[in-house]
Amino acid sequence: AAAIADARDLKPARILDYCAGRGTKTRQLLSALPPARVYATDRDSDRLDELTASIRDQPRLTVVPMTHLPAMLPKSGVDLLVLDVPCSNTGVLARRLEARYRFSDRSIESLVRLQREILRAAMPLVKPGGHVLYTTCSVDERENHRQVESVKVEYRATLLREQLTLPAGRGATYHDGGYFALMRTGD
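Because the structure is predicted, anything quoted here is derived from the model rather than measured.

Draft legend 1. Spotlight on the pattern of salt bridges. In this structure the tally under the stated criterion is eleven salt bridges. In this structure, Arg22 and Glu50 form a salt bridge, with 2.8 Å as the shortest nitrogen-oxygen distance. With a gap of 28 residues between them, Arg22 in the loop between strand S1 (14-17) and helix H2 (24-32) and Glu50 in helix H3 (residues 45-54) connect regions that are remote in the sequence. Between Arg120 and Glu154 there is a salt bridge, and its shortest N-O distance comes to 3.1 Å. Of the two residues, Arg120 sits in helix H5 (residues 105-122) while Glu154 sits in helix H6 (residues 145-154), which places them 34 residues apart along the sequence. Shared partners join several salt bridges into a network, and the residues in it are Asp105, Glu109, Asp140 and Arg142.

And the structure:
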């Protein structure tokens with residue numbers, strides 16, 4: 001919610017939800033940023049089909065297969081790139097019990113490599129001076145702050161805000177953990 005609120009303040013006209021999955025963040029973006037055109041894509045074609053079927057008759061949404069992105073996006077790039085990347089889910093273990101059994105240093109390193117691949121593929125799609133919203137439901141520094149540090153160096157990005165939330169509370173007061181960073185790309 002805080003991450004989307006920060007994005008709202010930027011008033012982006014064109015947004016790319018690069019890891020759209022089944023469309024949770026896509027719906028949030030459409031709701032929070034009414035004038036913006038939102039492009040949504042995902043590596044998983046089944047998820048993309050599900051997203052297309054679940055959000056119909058939305059004139060501001062274009063669902064695009066990754067292979068078609070360069071042709072479908074504005075040549076100047078998007079104003080805001082949203083990357084809700086695959087992660088270890090360490091911030092949501094209370095809700096995703098199965099994630100506990102997939103968690104290891106080896107699996108984290110594999111996810112870090114995948115996240116970096118996604119960043120390298122997606123960053124060129126942002127216009128110079130555009131913004132990147134990087135999010136995970138992880139509390140692991142390797143998946144979060146260290147990835148952002150590499151983006152700052154490789155793409156001359158400026159970190160505008162980052163927030164790590166640890167899981168906390170019980171019952172009705174419980175909230176998940178997660179991370180987000182809002183960056184501006186170099187000109």
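Draft legend 2. Examining the nonpolar core more closely. Membership of the largest hydrophobic core comes to 26 residues, with the highest contact counts inside it found for Leu16, Tyr18, Leu81, Leu83 and Tyr134. Taken together, the elements giving at least two residues each to this core come down to strand S4 (78-84), H5, strand S5 (126-136), H6 and strand S7 (178-184). Of the residues forming this core, the biggest block, four residues, is contributed by H5. The contacts of Leu83, once residues within four sequence positions are left out, are Tyr18, Ile118, Leu119, Ala122, Val132, Leu133, Tyr134 and Thr135. The next biggest cluster of nonpolar side chains, apart from the first, holds 21 residues, and it includes Ala7, Ala32, Val38 and Leu80.

Calculation criteria
- Residues numbered from 1 in each chain as written.
- Predicted model: local features only at pLDDT ≥ 70, side-chain atom pairs only at ≥ 80, totals over all residues.
- Heavy atoms only, no water.
- Salt bridge = Lys/Arg side-chain N within 4 Å of Asp/Glu carboxyl O.
- Helix = DSSP H or I, 4+ residues; strand = E, 2+ residues; numbered from the N terminus.
- Core = buried A, V, L, I, M, F, W, Y, C linked by side-chain atoms within 4.5 Å.
- Buried < 20%, exposed > 50% of the residue type's maximum accessible area, 1.4 Å probe, protein only.
- Contact = heavy atoms within 4.5 Å.

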